[in-house]
Amino acid sequence: RTSGDTLDTPTKRPKLEDKTDLTRWRMLDEKGRHTWHYLEDDEAIERWPQSSADKWYLGLDTELPTLPKPKNPLDAVVNGLTFFEKLQLPSGQWGCEYGGPMFLLPGVVITWYVTKTPIPWYVATEIKNYLLARANPEDGGWGLHIEGESTVFGTSLNYTVLRIVGVDPEHPAMVKARGTLQKLGGATHAPHWAKFWLSVMGVCKWDIVNPIPPEIWLLPDWVPIAPWRWWIHIRQVFLPMGYIYEKKWSCEETDMIRGLRQELFVENWESIDWAGNRNSICPIDNFHPKSWLLNTANWFLVNIWNPYLRTKGIAKKAEDWSSKLIDMEDENTDYADLAPVNAAMNTVACYIRDGPGSYSVRRHIERLEDAMWVNNEGMFCNGTNGVQCWDTSFLIQAVADAGLEQDPRFRPMLTKALKFLDDQQIRENCKDQGVCYRQQRKGAWAFSTKDQGYAVCDCVSEAVKSVVLLQKTPGYPQLLEDQRIFDAIDTLLTYQNQTGACSSYEPTRGSELLEMLNAAEVFGKIMVEYDYVECTTAVVTALSLFQKHWPDYKTQEIKSFIGRCVKAVKSFQRPDGSWYGNWAICFTYAAMFALESLRSIGETYGNSSYSKRGCDFLISKQREDGGWSESYRSCERMVYTEHSTGSQVVMTAWALVALMKADYPDIEPIKKGIKLIMDRQQANGEWKQEAIEGVFNKSCMISYPNYKFTFTVKALGMFATKYPNETVI
Ligand code: LAN
């Protein structure tokens with residue numbers, strides 16, 4: 001399509017069908033890069049048959065055989081692994097949908113629209129199907145995430161997506177969604193990021209967007225609010241947002257955009273007081289209300305700074321520097337970018353700067369594919385470009401916990417997994433890492449792939465543990481020489497905070513007070529890196545395992561690093577014995593890590609009051625049927641909250657791992673939980689999806705579908721090795 005085409009040319013609009021033929025979808029794995037393809041041509045179908053993994057992702061019958069009924073937990077492990085092995089991808093890792101957040105797809109689809117990227121009919125059709133399937137049944141709206149109540153954020157943006165893919169505004173689902181949006185106050189009451197996207201489309205006017213001053217990037221590094229100190233996801237989103245805000249760029253006006261102006265607002269569009277609605281926000285969206293400080297800063301920027309103080313020179317410098325930083329992010333990741341939020345925004349920034357057809361735009365558009373996913377509900381956008389290194393590491397460790405790493409039956413699967421981690425280790429720091437404020441990453445692993453290339457301390461830890469576990473087992477290839485392991489450890493050793501704990505991508509670089517500048521409204525605790533019990537534990541266990549095999553490498557430094565970490569973990573324990581989990585739901589997940597940290601220094605139920613109180617807390621939450629069940633509400637409310645659908649296998653597995661790590665003295669509650677996991681296993685070895693498992697930023701949930709294999713197998717496997725004579729049937 002050339003830039004001369006208008007977006008409304010009927011032939012260019014995606015054709016919408018009821019549905020696609022799910023048996024024609026294929027997921028292509030190229031060294032861990034995942035992209036989905038729809039085979040319209042019958043011959044192609046013969047050349048490229050659908051794999052078991054494809055079928056599983058799409059909710060089709062995998063046709064995998066019924067396995068012998070387990071007689072004990074180890075049999076259940078073998079069955080689980082037999083099934084999961086069939087889902088392993090050619091490059092040695094596992095794929096999965098990574099949905100949950102409902103604000104990612106709009107970024108991508110709006111980006112396609114404003115860059116005039118054609119949307120194939122099968123993509124449009126499945127996006128429509130996904131959003132219709134995920135509309136809240138009561139009111140037809142969408143929330144921040146799939147289990148959340150309807151918000152203006154979710155509803156205004158996903159309604160817009162449906163319009164872009166071609167759904168008629170008079171479709172009953174659209175009428176219903178519109179009704180809900182109007183009740184919530186309409187798009188004038190949307191949070192900052194929605195107002196931003198709607199302004200890019202020209203559905204809102206830029207005056208409604210609170211300032212995103214790119215000149216903040218000109219602050220010297222010592223300034224306490226300088227953006228290099230912010231959490232990576234916030235600064236990398238703020239960066240292209242600032243660039244686009246500076247340009248006040250909106251796409252070409254079309255009939256659809258004129259339509260949206262009538263559909264998304266309560267007020268008559270022509271008479272909306274845009275500037276007057278900058279701070280309007282629907283109470284349900286307002287998870288983190290703006291502070292007085294941010295409101296004052298916004299007032300100052302709008303009324304004093306922009307009109308009177310901001311010189312052309314400053315504006316130009318800010319724009320140039322932002323543009324350079326955007327380029328550095330794109331180059332460092334081959335345009336994959338940190339996550340689909342900033343990837344979409346960087347695409348628009350490049351489109352504005354480099355124009356349609358430029359390499360930067362074309363490569364971005366290709367790379368946005370990496371985050372798209374299809375399941376039986378339709379097509380959506382994943383939270384990242386996958387969960388490759390993370391899930392692969394957990395699988396390896398789960399097999400080792402079951403003592404099966406030597407078993408020839410699973411050696412090929414594990415060898416492939418090891419090869420994947422070998423291939424995915426990041427071998428070099430970023431070019432000019434200091435200039436673009438990147439953390440050291442040599443020897444690290446990312447959460448997804450090395451193309452994305454962002455080291456996360458717990459991803460490095462889980463991967464290095466997995467590599468060491470296998471390479472120290474006789475018979476596995478020695479793919480990583482010692483120096484590469486040392487590189488990983490050296491990088492890990494850069495991750496400790498003043499508090500002794502570890503964060504995610506970087507050690508904390510700024511004060512929690514920066515939360516006063518949290519402008520996103522919909523998330524909590526996003527401005528800086530915090531101490532996380534999960535990440536801290538991952539580092540502790542990696543360093544401990546390393547020290548066992550290389551006792552002479554940086555001995556003292558590692559020992560005191562571990563000591564400081566565990567001390568921090570203890571200090572995070574709450575009076576009721578629990579720990580708050582940040583990256584999955586919630587107290588159950590955190591307990592698994594905290595109790596493992598304690599164990600790594602020899603503290604268990606019998607000799608440590610911390611461990612004992614942690615176990616007692618978990619036991620107090622065990623349900624009648626032997627399981628555990630926590631709702632995502634725990635994360636928001638910071639109090640343990642039961643899930644309405646009862647026990648969950650994944651949480652039950654976490655709790656059991658925790659209790660076993662702590663050497664909980666009474667086997668009965670553990671047996672009850674193990675029995676529940678075994679009872680829920682299907683005849684072919686799999687477990688079915690239950691409630692959502694993961695979370696970020698306190699308020700947004702995200703799926704980890706492979707946890708129902710990796711953690712169940714881990715719990716069953718640990719049980720089998722710890723109590724080899726127990727049968728549990
Ligand atoms: C993730 C996914 C992985 C997760 C763990 C490794 C599990 C965690 O222990 C450390 C933090 C990390 C890496 C993490 C951070 C935030 C992410 C990237 C996500 C939850 C996946 C999606 C989310 C990202 C912020 C989504 C985009 C949203 C914005 C607010 C920009």
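- By the naming in an unreviewed UniProt entry, the protein goes by Terpene synthase and is assigned to Hypoxylon rubiginosum.

## Things to note about the overall build of the protein
Next up, step 1: Counting its regular elements, the protein contains 26 helices and six strands.
Next up, step 2: Here the contacts in the protein between residues at least 6 apart in sequence split such that 73% fall between residues at least 24 apart.
Next up, step 3: Counting every atom, the protein has about 26100 Å² of accessible surface; 53% of that belongs to carbon and sulfur.
Next up, step 4: The protein carries 79 positive and 91 negative side-chain charges, and their two centres are separated by 3 Å.

## What about the pattern of salt bridges?
Next up, step 1: Evaluated as defined, the whole model comprises 45 salt bridges.
Next up, step 2: E377 is the partner of R134 in a salt bridge, and the nearest nitrogen-oxygen pair spans 3.1 Å. Of this pair, R134 sits in helix α5 (residues 121-134) while E377 sits in the loop between β3 (372-375) and β4 (378-381), placing them 243 residues apart in sequence.
Next up, step 3: On the accessibility criterion, R134 (26% relative accessible area) is partly exposed.
Next up, step 4: Here E377 falls in the partly exposed class, since its relative accessible area comes to 23%.
Next up, step 5: The closest approach of N and O atoms between R163 and E263, which form a salt bridge, is 2.9 Å. Residue R163 is located in helix α6 (residues 152-164), and its partner E263 is located in helix α10 (residues 255-263); the two are separated by 100 residues in the primary sequence. The two residues R163 and E263 agree in class, both being buried.

## Topic: the side chain of R235
Next up, step 1: Within the fold, R235 resides in helix α9 (residues 232-247).
Next up, step 2: For R235, a relative accessible area of 1% translates into the label buried.
Next up, step 3: With sequence-adjacent residues up to four places away left out, R235 is seen in contact with W217, P227, W228, W230, Y437, E506 and R509.

## Considering the site of the ligand
Next up, step 1: In the region of the ligand, 23 residues are neighbours, and Y98, H233, F447, D458 and W583 sit closest.
Next up, step 2: D458 is positioned such that a nitrogen or oxygen atom in its side chain is 2.3 Å from an oxygen atom of the ligand.
Next up, step 3: Calculation on the ligand without its partners gives an accessible area of 630 Å², and the protein chains cover 100% of this total.
Next up, step 4: If you list the elements that add at least two residues to the shell around the ligand, you get α9 and α17 (457-471).
Next up, step 5: Its residues placed into classes, the shell around the ligand shows 17 nonpolar, five polar and one charged.

## A closer look at a negative patch on the surface
Next up, step 1: On the surface, a cluster of negative charge is contributed by E40, D41, E43 and E46.
Next up, step 2: Considering the arrangement of structural elements, one finds E46 in helix α1 (residues 42-47).
Next up, step 3: For E46, a relative accessible area of 70% gives the class exposed.

## Structural notes on the pairing of β3
Next up, step 1: Along β3, one buried face is formed by M372 and V374 and the opposite face, lined by W373 and N375, is buried too.
Next up, step 2: In the sheet, β3 pairs with β4 via four bridges, with the strands oriented antiparallel. Across the sheet, residue V374 finds its bridge partner in β4, namely M379.
Next up, step 3: Hairpin connection between β3 and β4: a loop of two residues separates the two successive antiparallel strands.

## Here's the deal with the environment of S608
Next up, step 1: Position of S608 among the secondary structure elements: in the loop between α21 (587-600) and α22 (609-620).
Next up, step 2: Through-space distance from the C-alpha of S608 to that of R411 is 38 Å; in sequence the pair is 197 residues apart.
Next up, step 3: Side chain to side chain, S608 and E603 meet in a polar contact 2.8 Å long.

## A short note on the packing of α9 against helix α12 (residues 312-332)
Next up, step 1: Relative to each other, α9 and α12 sit at 135°, their axes nearing to 10 Å. Comparing their axes, α12 and α9 come out oblique. By crossing handedness, the relation of α9 to α12 is classed as left-handed. Residue-level contacts link Q236, L239, P240, Y243, E246 and K247 of α9 to A315, E319, S322, S323, L325, I326 and E329 of α12.
Next up, step 2: Class assignment for the residues of the contact of α9 with α12 results in six nonpolar, three polar and four charged.

## A look at the nonpolar core
In summary, soluble globular proteins display a tendency toward joint burial of nonpolar side chains.
Next up, step 1: Within the largest apolar cluster, 250 residues are counted, with the highest numbers of intra-cluster contacts made by F103, W112, I127, W193, M201, W445 and F523.
Next up, step 2: The leading source of residues in this core is helix α24 (residues 649-661), at eleven residues.
Next up, step 3: If we ignore the near neighbours within four places in the chain, the residues touching W112 are T117, I119, V123, I127, I365, L368, E369 and M372.

## Some remarks on the environment of V114
Next up, step 1: Within the fold, V114 resides in helix α4 (residues 104-114).
Next up, step 2: Each C-alpha atom, one on V114 and one on Y530, is 36 Å from the other, the two residues being 416 residues apart in sequence.
Next up, step 3: Beyond its immediate stretch of four places on either side in the chain, V114 contacts V200, M201, W249, C251, V348 and Y351.

## Considering the environment of V728
Next up, step 1: As for its placement among the helices and strands, V728 is situated in the segment after α26 (707-722).
Next up, step 2: Considered as a pair, V728 and N72 are 656 residues apart in the sequence and their alpha carbons are 6.1 Å apart.
Next up, step 3: V728 has contacts with P73, K671, I674, K675, M678 and F719, leaving out every residue within four places of it along the chain.

## With respect to a nonpolar patch on the surface
Next up, step 1: Together, W299, F300, Y308 and L309 line one region of the surface with nonpolar side chains, adding up to about 490 Å² of accessible area.
Next up, step 2: With respect to the secondary-structure elements, L309 resides in helix α11 (residues 292-309).
Next up, step 3: Residue classification places L309 among the partly exposed residues on the basis of a relative accessible area of 42%.

## Examining the packing of α12 against helix α13 (residues 340-354)
Next up, step 1: Following both chains from N to C, one finds α12 and α13 inclined at 125°, their axes separated by 11 Å at the closest point. It follows from the interaxial angle that α12 and α13 lie oblique. The chirality of how α12 crosses α13 is left-handed. Seen from α12, the contacting residues are S323, I326, D327, E329 and D330; seen from α13, they are N342, N346, A349, C350 and R353.
Next up, step 2: When its residues are assigned to classes, the contact of α12 with α13 shows three nonpolar, three polar and four charged.

Thresholds applied
- Residues numbered from 1 in each chain as written.
- Predicted model: local features only at pLDDT ≥ 70, side-chain atom pairs only at ≥ 80, totals over all residues.
- Heavy atoms only, no water.
- Helix = DSSP H or I, 4+ residues; strand = E, 2+ residues; numbered from the N terminus.
- Contact = heavy atoms within 4.5 Å.
- Areas by Shrake-Rupley, 256 points an atom, 1.4 Å probe, with all protein chains shown as cover.
- Lys, Arg positive; Asp, Glu negative; His and termini not counted.
- Charge placed at Lys NZ, Arg CZ, Asp CG, Glu CD.
- Salt bridge = Lys/Arg side-chain N within 4 Å of Asp/Glu carboxyl O.
- Buried < 20%, exposed > 50% of the residue type's maximum accessible area, 1.4 Å probe, protein only.
- Near = heavy atom within 4 Å.
- Polar contact = N/O pair within 3.5 Å; in protein donor to acceptor, adjacent residues only side chain to side chain.
- Nonpolar A, V, L, I, M, F, W, Y, C, P; charged D, E, K, R; others polar.
- Patch = residues over 30% accessible without salt bridge, like charges linked within 9 Å, V, L, I, M, F, W, Y side chains within 5 Å.
- Pairing = 2+ DSSP bridges.
- Axes fitted to C-alpha atoms, helices over the stretch in contact; angles between N-to-C directions.
- Parallel < 35°, antiparallel > 145°, perpendicular 65-115°, else oblique.
- Left-handed = near helix turned anticlockwise from the far one by under 90°.
- Core = buried A, V, L, I, M, F, W, Y, C linked by side-chain atoms within 4.5 Å.

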